[in-house]
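# Geometric and topological summary
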Amino acid sequence: MYSEGRINNIEQTVEGRDLDACKAILYERYQNNYTILDYKTKIKSKWLGLRQIPVIEAKYVVRERYNSFVPPSAQQSPAMQQVAGVQQPAALQQSAPAGDFVSQRDELLKKQLANSGSAVSTFMQNAQIMKKLDELSKQVGGLSQESEKKKEHRSIVKVDQLLEQNEFTASYIAKMNERMRNEFSLDELEDFAEVQAQVVDWIGEDIHVAESFRGKDPHIIVIVGPTGVGKTTTIAKMAAKVQWNAKKQGIPRAQWPVMHMITIDNIRVAALEQIEHYANALHNDVSVEQATSREKLENLLQLYNSPQVKYVFIDTSGISPNDFEHIATMKKVLDIPKMHADIYLAVSASTKPRDLEKIIRNYEPFGFRSVIITKCDETTSYGNVLSVLSEKGKSISMITTKQDVLNGHERANPYYFLKRLDGFEVDEEHIRQRFDNARETTEEKTAED
């Protein structure tokens, strides 16, 4: 009997960027003499753990190709012994390319007919042998087809590439990859336009927008965060928005909401001067004070605790998330009983995922209600912050752009990020109807009230 090859039962694994890369590696090693049994996606750390990427780990066995004669005595089936009972020529014992079954068979039969006295009998016997060989070939081919069914679908691969292009984290991409496998049939995966549209919807669902919050007057707003993210500018933008809304509603300037600003930043040089500069750019008198201690801050809040005062904005020191000593000191300053402050964490849109995770972890003791994403105009990829905030279960309140105090401040909106996804063919009308929750900001609602 002849066999295309036998399977080496020793299972091995190979890793690659995708299934095609794994196959290329295996082909270089074994040509076509292998069978992939299964594969899975795993997360692999690179660059000393600073970067995580998804890779495919494929499990395979090697097929030891041969084309040799198996003696009838070695066969377990009597029927096969009868078929193989004819004396086999030496040509059958010579190795040949395993994939060339047809040419091998034709050449074999020609030699049998030329050398045998009973051509018809020999032909029939060898035809049965070749039939068995073809059946084995189909069985091996069937295994390959089953493996191909498990191949990473091109739609999934393309979506993964688009998510990487938008700088989503490896763990977020793996989650999306798994969701596509679970929720799409093979037929549905063939429609890439529909697949990517659904993935855009999933991304939008992962962007959680904080509900508007309004405590009793005065509304005390505190912004914390690392240095350089634009906390002071954001406070000025929020104050300017309040006045702009009052003007838009036709409220006389003398009746505009009364606001005060306090900075507890005693680390940065000229911190007081900067916030005073922004306050002077606003209409009406907006007082600015500096509190270098908890007692000073508490006294100022008691002074501003009146029905006439609508807002008190508190600017904080820009502290590295690794500077635990200063973070603890600032936490003590803000730890005032019954302050009932509305605390936000400000982070830059271009913050690296690992840095953002550390920032969130180290600023969580402040009890921030939600996140303000600043400097959104300074990057074109938002997957980094969207991934981490989704995985950490943090909501977004506002986004800021530009350095202009009077512009570039708006309520968080999934539509803002979705329409800027790079490489995706986004149906803007669809995402506008589903995700454009551009309602009035907290300040707008307050002004209307």
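Structure's up top.
Structure report, in brief.

Calculation notes
- Residues numbered from 1 in each chain as written.
- Predicted model: local features only at pLDDT ≥ 70, side-chain atom pairs only at ≥ 80, totals over all residues.
- Heavy atoms only, no water.
- Helix = DSSP H or I, 4+ residues; strand = E, 2+ residues; numbered from the N terminus.
- Buried < 20%, exposed > 50% of the residue type's maximum accessible area, 1.4 Å probe, protein only.
- Contact = heavy atoms within 4.5 Å.
- Areas by Shrake-Rupley, 256 points an atom, 1.4 Å probe, with all protein chains shown as cover.
- Salt bridge = Lys/Arg side-chain N within 4 Å of Asp/Glu carboxyl O.
- Polar contact = N/O pair within 3.5 Å; in protein donor to acceptor, adjacent residues only side chain to side chain.
- Phe/Tyr/Trp six-rings, centres within 6.5 Å; stacked < 30°, edge-to-face > 60°.
- Lys NZ or Arg CZ within 6 Å of the ring centre and 35° of its normal.
- Patch = residues over 30% accessible without salt bridge, like charges linked within 9 Å, V, L, I, M, F, W, Y side chains within 5 Å.
- Lys, Arg positive; Asp, Glu negative; His and termini not counted.
- Charge placed at Lys NZ, Arg CZ, Asp CG, Glu CD.
- Core = buried A, V, L, I, M, F, W, Y, C linked by side-chain atoms within 4.5 Å.
- Pairing = 2+ DSSP bridges.

### Quick look at the overall build of the chain
Check the secondary structure of the chain and you find 17 helices and 12 strands. For the chain, buried positions account for 46% of its 449 residues. Put simply, of all contacts in the chain between residues at least 6 apart along the chain, 75% involve residues at least 24 apart. When the accessible surface of the chain is split by element, carbon and sulfur atoms take 48% of a total near 23400 Å².

### Thoughts on the pattern of salt bridges
Counted under the stated rule, the structure contains 16 salt bridges. Here K42 and E57 are joined by a salt bridge, their closest N and O atoms 3.4 Å apart. Here E57 lies in strand β4 (residues 51-65) and K42 lies in strand β3 (residues 34-46), a separation of 15 residues in the sequence. On the basis of relative accessible area, E57 is assigned to the buried category, the value being 17%. Where D201 meets R434, a salt bridge forms, and the shortest distance between an N and an O atom there is 3.0 Å. Linking D201 in helix α8 (residues 192-206) with R434 in helix α16 (residues 428-435), this pair joins segments that are 233 residues apart in sequence. The exposure class of R434 is partly exposed, given its relative accessible area of 42%. Salt bridges here are not isolated pairs; linked through shared partners, they connect R179, E183, D201, E205 and R434.

### As for the side chain of T351
Within the fold, T351 resides in the loop between β9 (342-348) and α13 (353-363). At a separation of 2.7 Å, a polar atom in the side chain of T351 contacts the main-chain carbonyl oxygen of S348. Among all residues touching T351, those that are not within four sequence positions of it are L356, I359, N384 and V385.

### Comments concerning the packing of aromatic side chains
Inspection of every chain in the model, using the stated rule, returns eight aromatic pairs. Where F168 meets Y172, the ring centres are 5.0 Å apart and the plane angle is 20°; that geometry is what we call stacked. A residue is classified by how much of its surface remains accessible, and Y172, at 1% relative accessible area, is buried. Residues Y382 and Y416 carry aromatic rings whose centres are separated by 6.1 Å and whose planes lie at 65° to one another, so their mutual orientation is edge-to-face. Remark: Y416 occurs in helix α15 (residues 414-418) and Y382 occurs in the loop between β10 (370-374) and α14 (383-392); sequence separation between them is 34 residues. Following the ring pairs from residue to residue traces out a cluster consisting of Y382, Y416 and F417. Of note, R420 hangs over the ring of Y416, and the distance from its end group to the ring centre comes to 3.7 Å.

### Side note on unusual backbone geometry
Backbone geometry places Q31, a non-glycine residue, at a positive phi of 55°. With respect to the helices, strands and loops of the structure, Q31 is situated in the loop between α1 (19-30) and β3. Judged by relative accessible area, which is 42%, Q31 ranks as partly exposed. Phi angles above zero are rare outside glycine, and K375 is one such case at about 55°. Given a relative accessible area of 21%, K375 falls into the partly exposed group.

### Points about a negative patch on the surface
A contiguous patch of negative charge, built from D187, E188, D191 and E194, is present on the exposed surface. With respect to the helices, strands and loops of the structure, E194 is situated in helix α8.

### Considering the nonpolar core
If you look at the biggest cluster of nonpolar residues, it comprises 68 residues, and the most contacted ones within it are I262, L297, I314, Y363 and I373. For this core, the leading source of residues is α8, giving six residues. Ignoring any residue separated from it by four or fewer positions in sequence, one finds I373 in contact with V347, A349, V385, L389, I396, M398, I399, T400 and F417.

### Looking at the pairing of strand β5 (residues 219-224)
In terms of burial, β5 is largely enclosed, as six of its six residues are buried. In β5, alternate side chains face the same way, and those of H219, I221 and I223 on one face and I220, V222 and V224 on the other are all buried. Pairing analysis gives five bridges linking β5 to strand β8 (residues 309-315), with the strands arranged parallel. Bridge pairing in β8 links I220 to V312. As paired elements, β5 and β9 share four bridges and run parallel to each other. Across the sheet, I223 pairs through a bridge with Y344, a residue of β9.

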